[in-house]
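Residue-level structure breakdown
Each chain, written out:
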Amino acid sequence: MAYDFGSQTLGIKNPFKTEGKFRVATGVLLAISGIIPLLNVASTLKEQPIYSYTYAILGFILLASGVRHTGIGIFQLFRYFVGRSVPTSLAYNYSRSEQDTAKAEKNALLYNDAKLHSMLMGRKNTTFAEPIGWISRLIHSLSPNLTFLPNPLRHLAQELGALTLNFLTAFVSFLVVFFVVSTGLAGETAKQVTMPVLSILLFFYLIMMWRSTANSITNQANKTSNASGGVSFGAVIALSIIVPVFMGFALDELTGWTSAQVQNFTETVPIFSAWGNFALLLVAILFVIIGVVPNLNTRLKAVTPQTEVSEYRDNMQESVHPNEIFINIENIVLANRRYKEIPNRIYREFDPALKEQAEGKGSFAGELLVETQPILADENKVNYKTANKVLSTALAQLSVLVAFAFFAYFTLNLADALVFLNAIDGDLSSSSAVTQFAGFINTGLFSLFGWLSFQATGKILNNASHLFWGEIHFTSLLMFLKTEGTYTESRISTGMAIHDSTRSENVVVRSSITPWIITSRLNTSIFATSGSGNLESSRYIMGMSKNNDELDTIVKEIKDFLKGRESIASITNEADLQNASTIHQVNQQSRFLPEDKSNEKLESKDDEAAGYLRNDADKDVKQ
């Protein structure tokens with residue numbers, strides 16, 4: 001949506017300045033780390049061209065990544081532009097002055113007018129959906145308050161829970177494979193070949209799962225509750241027993257190696273061990289737990305899942321036209337509740353339907369669903385501790401630096417392997433050459449898995465900390481009004497004596513009004529971000545509280561309006577009053593008034609005659 005400037009700001013400040021400073025620091029360190037290898041390119045180009053090209057590639061990647069991180073951090077330090085149309089509405093806004101904004105935010109809406117009406121009438125909150133999937137239900141059973149978190153945080157908790165369970169399942173699978181292979185159940189060859197191969201496949205699976213979790217933790221992709229995937233524990237254990245056994249016996253049949261040959265192979269070729277990478281993954285998981293769990297725990301303690309409303313129902317008999325009721329409520333009562341003169345969000349327009357019947361009778365009905373401009377809630381309602389958010393961001397940046405350190409280690413190890421192969425002209429016939437080259441492979445796999453593990457860890461923590469820094473709470477009034485009733489018309493005339501020179505005739509509408517008003521004070525949450533769409537993501541209803549005082553004030557204003565209505569038209573202008581007085585004096589001068597008492601009888605007869613004439617005229621009209 002467009003940036004709608006107004007001199008009265010909403011008081012929303014940039015929440016990402018601390019996070020931006022950490023990103024800038026990380027970017028500067030990466031950029032400096034990239035300059036160091038670039039300085040060695042020229043000195044090694046003639047003597048060791050492989051190292052020279054490696055330094056060039058490594059330095060370029062580190063420098064480019066550092067510049068990118070620095071740019072993102074600086075962008076988060078820029079001025080935070082907040083217009084008068086934010087945050088996003090709950091449903092489509094039919095306010096005529098806000099149609100451009102309503103069209104722009106249409107894709108971010110989570111509710112509609114029917115759903116909001118259902119929430120008020122049913123005293124329920126459809127934001128809190130039932131968990132989907134076995135792992136999701138397990139996690140929500142262990143922590144019931146997860147149900148009452150916004151969907152991005154709820155999804156974050158589910159994904160991290162599933163990630164931890166999948167890691168434990170993979171670790172148990174690794175132990176089962178290790179037991180089957182080491183005890184000889186899979187054959188002699190499997191002791192040296194099956195275990196490394198399965199370990200590598202297992203780590204590729206874990207890395208893919210790790211990266212998938214990192215990509216799924218975003219605000220935009222988690223508007224609704226999703227199922228958290230997980231592997232079948234029974235299936236994994238079964239495969240951990242069956243696969244190594246079949247692979248072992250297949251290798252025994254294909255190779256035909258004896259125990260002596262297997263032992264000789266073991267002494268010559270160092271086998272890849274997965275224990276080091278398991279230790280790195282355990283450290284990565286600890287980083288995630290330390291960075292995420294304290295913030296989630298703080299947020300869980302402050303959930304407000306109330307679904308309470310204030311309600312008013314009554315039947316009133318008033319001399320007022322039904323249209324005037326609707327006009328007063330929309331243009332005066334609700335307009336008085338605007339925040340800084342910002343238009344209310346109209347989710348169901350007040351389009352009264354008047355059904356006219358015969359002889360001045362009819363019925364009317366109308367509905368209105370409106371939300372006042374959301375007001376920024378107090379800072380203590382955001383719930384997070386600054387120290388915990390800083391810790392999450394610091395661990396995220398540390399994971400990024402560790403990941404690039406492993407990447408540099410992997411790149412340099414690859415260069416060492418290429419230099420070694422170039423030195424021996426690719427001849428791996430000797431046992432010492434095979435042993436040394438196998439060492440390069442093992443070191444390369446260790447550094448590769450370390451790089452990918454901490455790269456995903458850094459992305460998980462960055463996305464999670466961005467959610468924690470960006471959650472902003474608002475409070476607003478949601479009101480539903482339903483008005484039904486009937487009305488009848490009658491005439492009232494004043495000043496109708498035969499000697500009166502001025503008179504007033506009025507059509508009075510007597511209405512039987514049955515209003516039904518339901519209001520609630522909403523606590524809503526939105527996850528801000530940096531850039532032009534900083535407060536244009538979905539807004540979640542977190543709590544509905546009673547607001548009896550506000551409802552009493554609204555009802556009082558409506559009743560005061562009804563009591564203050566005038567049914568008889570009169571002259572309030574001083575000039576018109578003077579003119580009427582002048583006409584009356586002229587009538588008195590032009591009329592003959594005898595002084596004896598018989599004149600009083602004459603005047604009485606004139607009045608009766610005037611009444612007779614009026615009644616006779618009314619009969620003629622009816623006929």
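Since we're looking at a predicted model, the values are computed, not measured. (Residues numbered from 1 in each chain as written. Predicted model: local features only at pLDDT ≥ 70, side-chain atom pairs only at ≥ 80, totals over all residues. Heavy atoms only, no water.)

Moving on: the overall build of the protein chain. From N to C terminus, the protein chain includes 17 helices and nine strands. By the burial criterion, 44% of the 623 residues in the protein chain qualify as buried. Surface exposure of the protein chain reaches about 31800 Å², of which carbon and sulfur atoms provide 58%. (Helix = DSSP H or I, 4+ residues; strand = E, 2+ residues; numbered from the N terminus. Buried < 20%, exposed > 50% of the residue type's maximum accessible area, 1.4 Å probe, protein only. Areas by Shrake-Rupley, 256 points an atom, 1.4 Å probe, with all protein chains shown as cover.)

Glancing now at the nonpolar core. Membership of the largest hydrophobic core comes to 82 residues, with the highest contact counts inside it found for Leu116, Leu153 and Val292. Tallying contributions element by element places helix α14 (residues 431-470) first for this core, with twelve residues. Those residues in contact with Leu153, other than ones at most four positions away along the chain, are Leu296, Arg299, Tyr384, Leu467, Phe468, Glu471 and Phe527. Counting 26 residues, the second largest nonpolar core, distinct from the first, contains Ile329, Phe364, Tyr487 and Val555. (Core = buried A, V, L, I, M, F, W, Y, C linked by side-chain atoms within 4.5 Å. Contact = heavy atoms within 4.5 Å.)

What follows covers the environment of Tyr409. For Tyr409, the position within the fold is in helix α13 (residues 386-423). Assessed through its relative accessible area of 43%, Tyr409 is described here as partly exposed. Sequence separation between Tyr409 and Gly444 is 35 residues; the distance between their C-alpha atoms is 8.2 Å. Setting aside residues up to four positions removed in sequence, Tyr409 forms contacts with Thr443 and Ser447.

At their nearest, the axes of helix α7 (residues 151-182) and helix α8 (residues 194-216) sit 10 Å apart, and the two run at 180° to each other. In this view, α7 runs roughly antiparallel relative to α8, as classed from their interaxial angle. Touching His155, Glu159, Leu160, Leu163, Asn166, Phe167, Ala170, Phe174, Val177, Phe178 and Val181 of α7 are Met195, Leu198, Ser199, Leu202, Tyr205, Leu206, Met209, Trp210, Thr213 and Ser216, all from α8. Looking at the contact of α7 with α8 residue by residue, the classes come out as 15 nonpolar, five polar and one charged. (Axes fitted to C-alpha atoms, helices over the stretch in contact; angles between N-to-C directions. Parallel < 35°, antiparallel > 145°, perpendicular 65-115°, else oblique. Nonpolar A, V, L, I, M, F, W, Y, C, P; charged D, E, K, R; others polar.)

Attention now goes to the pattern of salt bridges. As enumerated under the stated definition, the model contains twelve salt bridges in all. The salt bridge partner of Glu471 is Arg299, with a shortest N-O separation of 3.0 Å. Remark: Arg299 occurs in helix α11 (residues 275-300) and Glu471 occurs in strand β7 (residues 471-494); sequence separation between them is 172 residues. The exposure class assigned to Arg299 is buried, which follows from its relative accessible area of 2%. Close ionic contact of Arg313 with Glu311 constitutes a salt bridge, the shortest N to O distance being 3.0 Å. Through salt bridges with shared partners, a single ionic network connects Asp113, Arg348 and Glu367. (Salt bridge = Lys/Arg side-chain N within 4 Å of Asp/Glu carboxyl O.)

This part takes up the pairing of strand β5 (residues 361-371). Pairing geometry for strand β3 (residues 345-348) and β5, over three bridges, is antiparallel. The residue of β5 that forms the bridge with Ile346 is Val370. Of the strand pairs in this sheet, strand β4 (residues 353-356) and β5 are connected by four bridges, and their pairing is antiparallel. Residue Lys355 lies in a different strand from β5, and its bridge partner there is Ser363. (Pairing = 2+ DSSP bridges.)

Once that is clear, we can look at the environment of Glu318. Among the structural elements, Glu318 can be located in strand β2 (residues 316-318). Taking the C-alpha atoms as reference, Glu318 lies 5.9 Å from Arg510; in sequence the two are 192 residues apart. Setting aside its immediate chain neighbours within four residues, Glu318 contacts Val509, Arg510, Ser511, Ile513 and Leu562.

For helix α5 (residues 113-122), the set of buried residues is Leu116, Met119 and Leu120. Looking straight down α5, one finds its buried side chains confined to an arc of 95°; they lie on one side. The opening residue of α5, the one whose side-chain oxygen lies 3.2 Å from the backbone nitrogen of Ala114, is Asn112. Of the residues one or two after α5, Arg123 is the one with positive phi, at around 50°. (Arc of directions from axis to C-beta. Polar contact = N/O pair within 3.5 Å; in protein donor to acceptor, adjacent residues only side chain to side chain.)

What follows covers the packing of aromatic side chains. Using the criterion set out here, one finds 19 aromatic pairs in the structure. Ring centres of Phe75 and Phe78 lie 5.8 Å apart, and the angle between their planes is 65°; this geometry places the pair in the edge-to-face category. Exposure remark for Phe75: the relative accessible area of 41% places this residue in the partly exposed category. Centre to centre, the rings of Phe171 and Trp275 are 6.4 Å apart; their planes meet at 75°, and the pair counts as edge-to-face. One end of the pair, Phe171, is in helix α7; the other, Trp275, is in helix α11, with 104 residues separating them in the sequence. Trp275 gets classed as partly exposed once you look at its relative accessible area, which sits at 38%. An aromatic cluster is present here, built from Phe167, Phe171, Phe203, Phe204, Trp275, Phe278 and Phe449 joined pairwise through their rings. Between Arg313 and the ring centre of Trp516, over which it is positioned, the NZ or CZ distance is 5.9 Å. (Phe/Tyr/Trp six-rings, centres within 6.5 Å; stacked < 30°, edge-to-face > 60°. Lys NZ or Arg CZ within 6 Å of the ring centre and 35° of its normal.)

To continue, consider unusual backbone geometry. For Lys340, which is not glycine, the phi dihedral falls at a positive 55°. One can find Lys340 in the loop between α12 (322-333) and β3. Judged by relative accessible area, Lys340 falls into the partly exposed class, the value being 28%. Of note in the backbone geometry, Glu341 takes a positive phi value of approximately 60° without being a glycine. Take Glu341: it is sitting in the loop between α12 and β3.

On the surface, a cluster of nonpolar side chains totalling about 470 Å² of accessible area is made up of Leu282, Leu286, Ile289, Ile290, Val293 and Leu391. No other element matches α11, which puts five residues into the nonpolar patch. Considering the arrangement of structural elements, one finds Leu391 in helix α13. By relative accessible area, Leu391 is classed as partly exposed at 34%. (Patch = residues over 30% accessible without salt bridge, like charges linked within 9 Å, V, L, I, M, F, W, Y side chains within 5 Å.)

Our next topic: α11. Over its 26 residues, α11 runs 35 Å from end to end, which matches the ideal 38 Å to within 8%, given 1.5 Å per residue. When the local axis directions of α11 are compared, the greatest deviation, roughly 30°, occurs at Val292, which is followed within four positions by the proline Pro294. (Expected span 1.5 Å × (residues − 1). Bend = angle between axes of the 7 residues up to and from the residue.)

Mapped onto the elements of the fold, Thr44 is located in helix α2 (residues 41-44). Within the structure, Thr44 has its side chain in polar contact with the backbone oxygen of Asn40 (distance 2.8 Å). In this structure, Thr44 is in contact with Pro49, Tyr51, Ser52 and Tyr55, ignoring residues within four places of it in sequence.

Take the packing of helix α1 (residues 17-39) against α14 next. Packing of α1 against α14 leaves a shortest axis separation of 10 Å and a crossing angle of 155°. Between α1 and α14, the interaxial angle falls into the category roughly antiparallel. For the pair formed by α1 and α14, the contact residues are Thr18, Glu19 and Arg23 on the first element and Asn462, Ser465, His466 and Trp469 on the second. By residue class, the composition of the contact of α1 with α14 is one nonpolar, four polar and two charged.

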